[in-house]
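# Results of the structural survey
If you want the building blocks of each chain, they are given just below.
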Amino acid sequence: MKSIQTFGELKKSGYQSKSIKDELRDNLIAKIKNKETIFKGVWGYENTVIPELERAILSRHNINLLGLRGQAKTRLARLMVQLLDEWMPIVAGSEINDDPFHPISRFAIDLLEEKGDDTPIAWVHRAERFAEKLATPDVTVADLIGDVDPIKAATMKLTYADDRVIHFGMIPRANRCIFVINELPDLQARIQVALFNILQEGDIQIRGFKLRMPLDVQFIFTANPEDYTNRGSIVTPLKDRIGSQILTHYPENIAVARTITEQEAQLDDRQSETIHVPSLAKDLLEQISFQARVSDYIDVKSGISARMSITAFENLLSTAERRALKNGDEKTSIRLSDFMGVIPSITGKVELVYEGEQEGAAFVAETLIGEAIVTLFSTLFPKISKLERPDTVSPYHDVLEFFFEESGFELLDELPEKEYHAQLDKITPLTELIKKYQPNISKEDSYFLKEFVLWGLVEHKKLSKDRFTEGYQFKDLLGSYLSGLQ
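Now for a quick tour of the structure. Predicted, not measured: the structure shown is a model, and the values here were computed from it.

## Regarding the packing of aromatic side chains
For the coordinates displayed, the defined rule picks out 12 aromatic pairs. When the centroid spacing of 5.8 Å and the interplanar angle of 5° are considered together, the rings of Phe219 and Phe221 count as stacked. A ring pair is formed by Phe377 and Tyr396, whose centres lie 5.9 Å apart and whose planes are at 40°; its orientation type is tilted. Note that Phe377 is positioned in helix H18 (residues 361-380) and Tyr396 in the loop between H18 and helix H19 (397-405), a separation of 19 residues in sequence. Take Tyr396: its relative accessible area is 2%, and that puts it in the buried class. In this structure an aromatic cluster arises from ring pairing among Phe377, Phe381, Tyr396 and Phe452. Between Arg293 and the ring centre of Phe290, over which it is positioned, the NZ or CZ distance is 5.6 Å. Lying over the aromatic face of Trp455, Lys465 brings its terminal NZ or CZ to 4.5 Å of the ring centre.

Right, dumping it as structure tokens:
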């Protein structure tokens, strides 16, 4: 098709012009029939958001994606480009992608009248048929729709009564394209009103000109729930004109969350080659986000973005990488103490309520890590009850006895890999405990699991953990209490 250069050749080829909504619909139908994956790289929406989005496309609706931050709203909008035809013909030189079969601009209409079948045709790739605008308070009607351009009038020696003095805004220039407005509530109400006619009748009005330009645009809006934002809201008549409102959500389980994090994390190849990440460490990282979404310290209405887990994963690997570089280790493995390195990724991603502000962001982050450890601990080892029967022998008795007899067990942050292993191997009962309850664990992952048990016992108030400048000290809880009285 790209070899076609004139309108006459285009007509002879049998090309059929269609609206963008029909184009999206037809290509979606073909992909569904061929059982193709339509929204690649979007996980956890297979049975919820994606079916609703497909129904909206089949219904030829404009769409509002409503959800908290970090829920792939913009990504879904951008992936819709894959449902467009690969190439689209336009009248060459048109500012607004005029369809040669249905021209709407003065320029295209005049050119077709003048040259007829010899009118030159240009081809636009689908990648160029996507326009996006972030709604900010300084956006004007002129930015989105257009205005009279006095410089154009002076240059072309035209009066303001001539419609050729119009400078088209972003929406007319996105004719026959997908146009996305992100964070719609941020758009001032008077600007939202200017979209009414475009959504309902498909035409635009610029200044005093009597224009009838039936634009062909697939609109997609994204927004946070209105009860969260105090910046503004979507005016009711505008919501009434949006065909489908689709609610997005966060991952519903750790497996999906892990898939998203591993896909989106920006890692250096050298990190992937030199740093081993135990499966439990990945689960623990995701569990932190799950804990944050139900925490009393955090404003859950603001949402916990998937970006928190992604940046935390990047920081986690960087923490291990830095230690390996300092020690000259060619390879290293993630340690539980490395999770202290993800705190900066957490504190900047959460909105604290009053109680959280009083405690401090760093405290809240450490609390989330502790709660995540407690949640996963019970899935791997016997539950620790607050009250135990006197005649019952705890599965953790031998481990606790080891610490009762020891004055203090230290794990330094920057220990070389061999010394770190040797230090944990000193706790013989810990090795036996893991063999009994997690017999299939690999040797490479076993050291992370050993440290995980220690932190789990601390969170269950069976051991104490003290932070000092270069690491942590674990002690018997009673011994720690008595030493504090001295």
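## A closer look at the pairing of strand E8 (residues 218-223)
Among the six residues in E8, six count as buried, and that is most of the element. Of the two faces of E8, the one lined by Gln218, Ile220 and Thr222 and the one lined by Phe219, Phe221 and Ala223 are each fully buried. By the bridge criterion, four bridges tie strand E1 (residues 63-66) to E8 in an arrangement that is parallel. Considered in E8, the bridge of Leu66 is made with Ala223. As paired elements, strand E7 (residues 178-182) and E8 share four bridges and run parallel to each other. Counted as the bridge partner of Ile178 is Gln218 from E8.

## Re the pairing of E7
Side chains on a regular strand alternate between the two faces of the sheet. A large share of E7 lies buried, amounting to five of its five residues. On E7, burial covers both faces: Ile178, Val180 and Asn182 on one face and Phe179 and Ile181 on the other are all buried. As paired strands, strand E4 (residues 130-134) and E7 are joined by five bridges and run parallel to one another. Each residue of the ladder has a partner; that of Leu134, found in E7, is Asn182.

## Observations concerning the sheet that holds strand E13 (residues 463-468)
In spatial order, the strands read E12-E14-E13; together these three strands make up an open sheet with antiparallel pairing. The open sheet has two free edges, formed respectively by strand E12 (409-412) and E13, since each of these has just one partner strand. Here the strands of the sheet are splayed against their neighbours by 20° on average, with no regard to which way each runs. Sheet analysis places E13 next to strand E14 (residues 471-476), joined by six bridges and oriented antiparallel. Each bridged residue has a counterpart across the sheet, and for Asp466 the counterpart in E14 is Gln473. Sitting on the sheet, H19 touches E12, E13 and E14, and the angle it makes with E14 is about 100°.

## Brief notes about empty space enclosed by the protein
All chains considered together, the criterion is met by three cavities of 30 Å³ or more. In this structure, the largest cavity encloses a volume near 60 Å³. In this structure, the largest cavity is lined by Pro251, Ala257, Ile260, Thr261, Glu286, Ser289, Phe290, Arg293, Ala306 and Ser309. Those elements that provide at least two residues to the lining of the largest cavity are helix H12 (254-264), helix H14 (279-292) and helix H15 (306-327). Tallied by class, residues from the lining of the largest cavity come to five nonpolar, three polar and two charged.

## Looking at unusual backbone geometry
Peptide bonds are, in most cases, trans, and in most cases residues other than glycine have a negative phi. Despite not being glycine, Arg60 has its phi angle at roughly 60°, a positive value. Mapped onto the elements of the fold, Arg60 is located in the loop between helix H3 (49-58) and E1. The class for Arg60 is partly exposed, based on a relative accessible area of 40%. One non-glycine residue, Ala72, lies in the positive phi region at around 65°.

## With respect to the sheet that holds E8
Here five strands make up an open sheet; going across it, the order is E4-E7-E8-E1-E9 and the pairing parallel. On the outer flanks of this sheet lie E4 and strand E9 (244-247), each paired with one strand and no other. Direction aside, neighbouring strands of the sheet carry axes that sit 20° apart on average. This element, H3, spans E1 and E9 of the sheet and lies at about 170° to E9.

## Describing the layout of surface pockets
Counted as a void, the largest pocket has a volume near 590 Å³. In terms of lining residues, the largest pocket is bounded by 26 residues, among which Gly70, Gln71, Ala72, Lys73 and Arg307 are the most central. Contributing elements (two or more residues each) for the lining of the largest pocket: helix H4 (73-79), H12 and H15. Sort the elements by how many residues they give to the lining of the largest pocket and H4 lands first, with four residues. Each residue belonging to the lining of the largest pocket can be placed in one class, and the counts come to eight nonpolar, nine polar and nine charged.

## Focus on the pattern of salt bridges
Under the defined criterion, the tally for this structure stands at 18 salt bridges. For the salt bridge of Lys11 with Asp117, the shortest nitrogen-to-oxygen distance reads 2.7 Å. One end of the pair, Lys11, is in helix H1 (residues 7-12); the other, Asp117, is in the loop between helix H5 (106-115) and strand E3 (121-125), with 106 residues separating them in the sequence. Asp117 gets classed as partly exposed once you look at its relative accessible area, which sits at 40%. Glu264 is the partner of Arg75 in a salt bridge, and the nearest nitrogen-oxygen pair spans 2.7 Å. With Arg75 in helix H4 and Glu264 in helix H12, this pair connects stretches of sequence that are 189 residues apart. Under the relative-accessibility criterion, Glu264 is labelled partly exposed at 22%. Connected through shared salt-bridge partners, Arg258, Glu262, Lys282 and Asp283 make up one network.

What counts and what doesn't
Residues numbered from 1 in each chain as written. Predicted model: local features only at pLDDT ≥ 70, side-chain atom pairs only at ≥ 80, totals over all residues. Heavy atoms only, no water. Phe/Tyr/Trp six-rings, centres within 6.5 Å; stacked < 30°, edge-to-face > 60°. Helix = DSSP H or I, 4+ residues; strand = E, 2+ residues; numbered from the N terminus. Buried < 20%, exposed > 50% of the residue type's maximum accessible area, 1.4 Å probe, protein only. Lys NZ or Arg CZ within 6 Å of the ring centre and 35° of its normal. Pairing = 2+ DSSP bridges. Axes fitted to C-alpha atoms, helices over the stretch in contact; angles between N-to-C directions. Contact = heavy atoms within 4.5 Å. 1 Å grid on protein atoms, 1.4 Å probe; cavity = no way out; pocket = protein on both sides within 12 Å on 5 of 7 lines; lining within 4 Å. Points joined across faces, edges and corners; volume = space filled by probe spheres on them. Nonpolar A, V, L, I, M, F, W, Y, C, P; charged D, E, K, R; others polar. Salt bridge = Lys/Arg side-chain N within 4 Å of Asp/Glu carboxyl O.

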